[in-house]
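# A look at the structure
Residue-level listing of the chains:
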Amino acid sequence: MSTIECRKLRKDYRRGEEVIHTLQDVDIDIHGGSFVALMGPSGSGKTTLLNLLAAIDRPTAGTITIGGRDIGTLGRNALAAWRSANVGYIFQLYNLVPVLTAYENVEMPLLLHALSAKERHQRVTEALELVGLADRYSHYPRQLSGGQEQRVAIARAIVTRPTLILADEPTGDLDRTSAMQVMDLLVRLNKERNQTIVMVTHDPSTAARAGRIVHLEKGKIIDAAEFERAAQIAASGAHR
Amino acid sequence: MNSLLRTIPFTWKNLVRRPLRTGLTVAGIAVATFLFSFVESMRDGVVKATEAGAAETRLVVYRKNRFCPFASQLPQSYQRSILNIEGVKAAVPIKIVVNNCRASLDVVTFRGVPDEGYLQEHVTQAQLRSGSVSDWLSRGDAVLVGSALAERRRLRAGDRFDAAGVRSWVAGVFDSDDAQDRNVAYAHLGFLQETAQRGGTGGIVTQFNVEVDDPSKMEAVASAIDEAFAHDQFPTTTRPESAFVARAARDVIVLVRFASIVGWASLAAVFALIANAIALAVRDRIRDHAILQTLGWTGADIAWMVVMEAAMLGAAGGAIGAIGAHAAIAFAHLNFTMEGVSIEVTASNMATVAGVVLATLLGAVAGIVPALSAARREIVQGFRTA
């Protein structure tokens, strides 16, 4: 279980002479094993915050401590190793590697771990079974529907048994039924495996499935406590 | 090392599962490497034929200032005078008849040699592919044909053979380590002289092949031979056999040097082709690389994948091209003959290996810049660019 602590987190982008403050002094604590939804309008900094938590982007200022470790102090290679061991990332547009089959896509992160071929096979099969795609292991991404692709992406994110799953609008490109299946899966992972999940979403009904909702606007967390309470009340039925 | 090995399956899949791109790139590399290996084999043949070895002991005595077997006429009686010169172990009078004096890919050269001695030394029973020396001895019009000439003209023992105005009967086909031997038909000296007698040249030979007893005496013996006939009606020029071949083949040598430049230029084309293919591939896979890095693969892993893919393309194209050139040369039996002297283009193992190794190395080098750019790209920037 990873506890996440962000302090005075800032991220600026430069566009020509103009500096865009995407995140401004964000402070947030996320307890290990919780399911948090990040909500907010486009350009509010949700995906930037997710990328910083995944250590695929670096903050302009501030610190991110995950599981007691300040990830800002790690070099590129150490960050890669840390990501491999701790993070599973689910993209909105699935981002499967097109020349690899579903099985091979799921196996890719495991190649970085000291596992035998047999152990890798067991883990991949288990992950594909969990997402209900054991019979699609030899299919290429182009041979799968959007929902199936996203489930393969989820299998890829969980196959290393990471403590932290980060999902960037995982249902944003899916039809209603597929979106429901994906959300059911994420809730199940959170409950059964106690994995910490941080999910970006625009959709209130999707956010309602999370245990906690954090609202971002113009790079800042807005009335988090109040919003959280209201969101928890609204979501309490759906979450159960 | 483990980190490098784990990237191999992914790199391999990237190549084989994009067959059109891989096929076209490999085909381009193969053509360029084919050209390089072919030209290098030609150059190898020229070097082998014209480079003097430290142990060279054979001199060729030719008529002074004459450059074609038709024009080089020496009395056979010179043989006795040559044998009396100190350091000469043997002197063989040879009559050469060719169907074309200029540089050509299909020249038939007849060498008339004495019935006894020369052929028995040059063609042992083990070298005979078919027929026999005794068959050659038993018929006046018999010829023993070198393997390269026999393959070019599809000759077998027992065939009739008509070229350069000489009608002969093939008594056998033999192999030899010497390209000059592999590309001639050995006839009886008397038979060739008789054939040439219509032009009034009986008792006349084209050249003498002189064996010297010590390689260090080559120069002294050559000078002694030329001095002996300097004031005679038929003055001579004597050179080591390699120098004789080099002089006769000077036009071809220049052409092969030029072709060699083209061969190396084709390697530059290999470099450009791979660099272009890899640069495009890296651009197409910016998102894939960002995904892999998100999963935990390092920039070094990505760089290594790119370099390895480039090297694999080079190796595959290089192997197809170089082995193709090797096979084409072996199949075509190419042979340049000029002024009765042969330069054989043989499939050179060195040129084949050089073709594969250089194409692989060039591939790896061509992949370095795209690899570094892929490795250094920030992950988020990669997703945005894609």
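Rules behind the numbers
- Residues numbered from 1 in each chain as written.
- Chains lettered and ligands numbered in written order.
- Predicted model: local features only at pLDDT ≥ 70, side-chain atom pairs only at ≥ 80, totals over all residues.
- Heavy atoms only, no water.
- pLDDT = per-residue confidence, 0-100.
- Helix = DSSP H or I, 4+ residues; strand = E, 2+ residues; numbered from the N terminus.
- Polar contact = N/O pair within 3.5 Å; in protein donor to acceptor, adjacent residues only side chain to side chain.
- Contact = heavy atoms within 4.5 Å.
- Buried area = accessible area lost by both parts, 1.4 Å probe.
- Salt bridge = Lys/Arg side-chain N within 4 Å of Asp/Glu carboxyl O.
- Nonpolar A, V, L, I, M, F, W, Y, C, P; charged D, E, K, R; others polar.
- Pairing = 2+ DSSP bridges.
- Axes fitted to C-alpha atoms, helices over the stretch in contact; angles between N-to-C directions.
- Parallel < 35°, antiparallel > 145°, perpendicular 65-115°, else oblique.
- Left-handed = near helix turned anticlockwise from the far one by under 90°.

### Overview of the confidence of the model for chain A
- Overall, the predicted model of chain A reaches an average pLDDT of 89, with 92% of residues at or above 70.
- For chain A, helix α8 (residues 224-239) of chain A is the element with the lowest average pLDDT, namely 58, and helix α3 (residues 102-107) of chain A is the one with the highest, namely 96.

### Let's talk about the side chain of Asn209 of chain B
Residue and element names in this part refer to chain B.
- As for its position among the elements, Asn209 is in strand β11 (residues 207-212).
- Looking at Asn209, its side chain comes within polar contact range of the side chain of Gln207, at 2.9 Å.
- Leaving out residues up to four positions away in the same chain, Asn209 has contacts with Arg58, Leu59, Val60, Ala90, Ala91, Val92, Ile94, Arg111 and Tyr118.

### Focus on the interface of chain A and chain B
- On the side of chain B, 25 residues touch chain A, which itself brings 25 residues to the contact.
- Interface of chain A and chain B: buried area, both sides summed, is about 2,300 Å²; carbon and sulfur atoms make up 62% of it.
- Three residues stand out in chain A for area buried against chain B, namely Arg76, Val99 and Leu112 of chain A, and they jointly supply 26% of the buried area on that side.
- The tally of links between chain A and chain B comes to two salt bridges.
- Residues Glu104 of chain A and Arg17 of chain B are paired through a salt bridge, measuring 2.5 Å at the closest nitrogen-oxygen approach.
- Summed over the shared surface of chain A and chain B, the result is eight residue pairs in polar contact (both at pLDDT 80 or more).
- Looking at the side of chain A that touches chain B residue by residue, the classes come out as 15 nonpolar, five polar and five charged.

### Some points on the sheet that holds strand β2 (residues 18-30) of chain A
Residues and elements named next belong to chain A.
- Ordered by their spatial adjacency, four strands build an open sheet running β2-β1-β4-β5, and the pairing between neighbours is antiparallel. Edge positions in the open sheet fall to β2 and β5 (69-70), since each of these has one partner strand only.
- Pairing of strand β1 (residues 4-15) with strand β4 (residues 61-66) involves five bridges; the strand directions are antiparallel. Within the sheet, the bridge partner assigned to Arg7 lies in β4 and is Thr63.
- Contacting β1, β2 and β4, helix α1 (residues 46-53) crosses the sheet at an angle of about 120 degrees to β1.

### Quick word on the packing of helix α12 (residues 250-284) of chain B against helix α14 (residues 299-332) of chain B
Residues and elements named next belong to chain B.
- Their axes nearest at 10 Å, the elements α12 and α14 cross at an angle of 140 degrees. Judged by the inter-axis angle, α12 sits oblique to α14. Where α12 crosses over α14, the handedness of that crossing is right-handed. Across from Ile274, Ile278 and Val282 in α12, the residues of α14 making contact are Val306, Glu309, Ala310, Leu313 and Gly314.
- Residues belonging to the contact of α12 with α14 are distributed by class as follows: six nonpolar, one polar and one charged.

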